[in-house]
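Okay, here's what each chain looks like letter by letter:
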Amino acid sequence: SIGEGGHVVFSGRTSDGAGASAWLWSPDEGLVRLATIGQEAPDAPGAPLRGLGAPRVSDRGVVFFSGTIERSPGKISFAVWIREPFAPARIVLRSGDPVPGAEENARFRGFSPFELNARGQLLFVGYSEPSAEFPLTSGYWLREPNGEVAPVAISGAPLPPELPWQ
């Protein structure tokens, strides 16, 4: 992925024997290894990274990627990281987080394709356990730069009473 500012992100392996890594090249920072499978996951002390999604970069040079973390032997969590220029990557979403717009006890169990706009809003597909209120388990959510997460559309949720095409 390449951003308007010339920032480039990609996944790859090196000859040092490390696992697959997410990489950033930027005109200001040069080449930076962001995360490596088998090594400690960013912002998750003591938890090795076990899987890594393709990194993406916004036009502002903000990198975002998903992956899996081994929290304890055999216990895997899904997470999404954001990395601002010149800062370490930080987890902004993880499995087990509450599902906004669903029942009080609903929790995310995973995430998939997402986008980050120039304002820093992160659009993602989230998956949760089925519930009485929402029997299907996926939807779109929007995470604001301040950390607030709001539903955009949740499968199984009723449509608003008046839509423009009705």
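See the structure above.
Because the structure is a prediction, the values reported are computed rather than measured.

Asker: Would you explain the overall build of the chain in this entry?
Answerer: Of regular secondary structure, the chain possesses zero helices and 12 strands. Scanning the chain from its N terminus toward the C terminus, one meets helices and strands in the order β-β-β-β-β-β-β-β-β-β-β-β. Look at the contacts in the chain between residues 6 or more apart in sequence, and 29% of them connect residues 24 or more apart. In the form shown here, the chain has an accessible surface area of approximately 9000 Å², with 55% of it arising from carbon and sulfur atoms. The averaged location of the 18 negative side-chain charges in the chain is 6 Å from the averaged location of its 14 positive side-chain charges.

Asker: Explain the pairing of strand E10 (residues 122-128) to me, please; I cannot follow it from the model alone.
Answerer: Every regular strand shows the same layout, with side chains that alternate between the two sheet faces. Where burial is concerned, most of E10 is hidden: five out of the seven residues are buried. Relative to E10, strand E9 (residues 108-116) runs antiparallel, the two being bridged by seven bridges. Residue pairing in the sheet places Phe114 in a bridge with Phe124 of E10. The turn joining E9 and E10, which pair antiparallel and follow one another in sequence, is formed by five residues; a positive phi near 90° is taken by Gly120. Relative to strand E11 (residues 138-143), E10 runs antiparallel, the two sharing six bridges. In the strand pairing of E11, Phe124 is matched with Trp141.

Asker: What's the story with the nonpolar core in this structure? I'm lost.
Answerer: Ranked by size, the top nonpolar core spans 18 residues in total, and within it Leu34, Val63, Phe65, Ile69 and Trp81 carry the most contacts. Where this core is concerned, the elements lending two or more residues are strand E2 (21-26), strand E3 (30-36), strand E6 (63-72) and strand E7 (75-83). Formed by 16 residues, the second largest nonpolar core is a distinct cluster that contains Phe114, Leu116, Leu122 and Phe124.

Asker: For this particular structure, what's the right way to read the side chain of Ser58?
Answerer: By the secondary structure assignment, Ser58 is in the loop between strand E5 (56-57) and E6. According to the relative accessible area criterion, Ser58 is buried, its value standing at 3%.

Asker: Any chance you could explain the sheet that holds E3 here in plain terms?
Answerer: Remark on secondary structure: sheet strands pair via backbone hydrogen bonds, oriented parallel or antiparallel. The antiparallel open sheet is built from three strands, whose spatial order is E1-E2-E3. Whereas interior strands pair on both sides, the edge strands pair on one side only; in this sheet they are strand E1 (8-12) and E3. Direction aside, the axes of adjacent strands within the sheet are offset by 25° on average. When E2 meets E3, the two strands line up antiparallel, connected through six bridges. Paired with Leu24 across the two strands is Val32, which belongs to E3.

Asker: Where do I start with the environment of Ile2 in this structure?
Answerer: Its location among the elements puts Ile2 in the segment before E1. The spacing of Ile2 and Gly53 is 51 residues in sequence and 16 Å in space, taken between C-alpha atoms. Each residue touching Ile2, except ones within four places of it in the same chain, is listed here: His7, Val8 and Val57.

Asker: Is there a simple way to explain the packing of aromatic side chains in this structure?
Answerer: Applying the stated rule across the entire model yields eight aromatic pairs. Taking the centre distance of 6.4 Å and the plane angle of 10° together, the rings of Phe10 and Trp23 count as stacked. Taken together, the residues span a long stretch of sequence, with Phe10 in strand E1 and Trp23 in strand E2 at a distance of 13 residues. For the pair Phe64 and Phe114, a centre-to-centre distance of 5.1 Å together with 55° between the ring planes defines the contact as tilted. A residue pair is termed long-range when its members are at least 10 positions apart, and Phe64 in strand E6 and Phe114 in strand E9 qualify at 50 residues. An aromatic cluster is built from Phe108, Phe111, Phe124 and Trp141, whose rings are joined through pairwise contacts.

How each quantity is defined
- Residues numbered from 1 in each chain as written.
- Predicted model: local features only at pLDDT ≥ 70, side-chain atom pairs only at ≥ 80, totals over all residues.
- Heavy atoms only, no water.
- Helix = DSSP H or I, 4+ residues; strand = E, 2+ residues; numbered from the N terminus.
- Contact = heavy atoms within 4.5 Å.
- Areas by Shrake-Rupley, 256 points an atom, 1.4 Å probe, with all protein chains shown as cover.
- Lys, Arg positive; Asp, Glu negative; His and termini not counted.
- Charge placed at Lys NZ, Arg CZ, Asp CG, Glu CD.
- Buried < 20%, exposed > 50% of the residue type's maximum accessible area, 1.4 Å probe, protein only.
- Pairing = 2+ DSSP bridges.
- Core = buried A, V, L, I, M, F, W, Y, C linked by side-chain atoms within 4.5 Å.
- Axes fitted to C-alpha atoms, helices over the stretch in contact; angles between N-to-C directions.
- Phe/Tyr/Trp six-rings, centres within 6.5 Å; stacked < 30°, edge-to-face > 60°.

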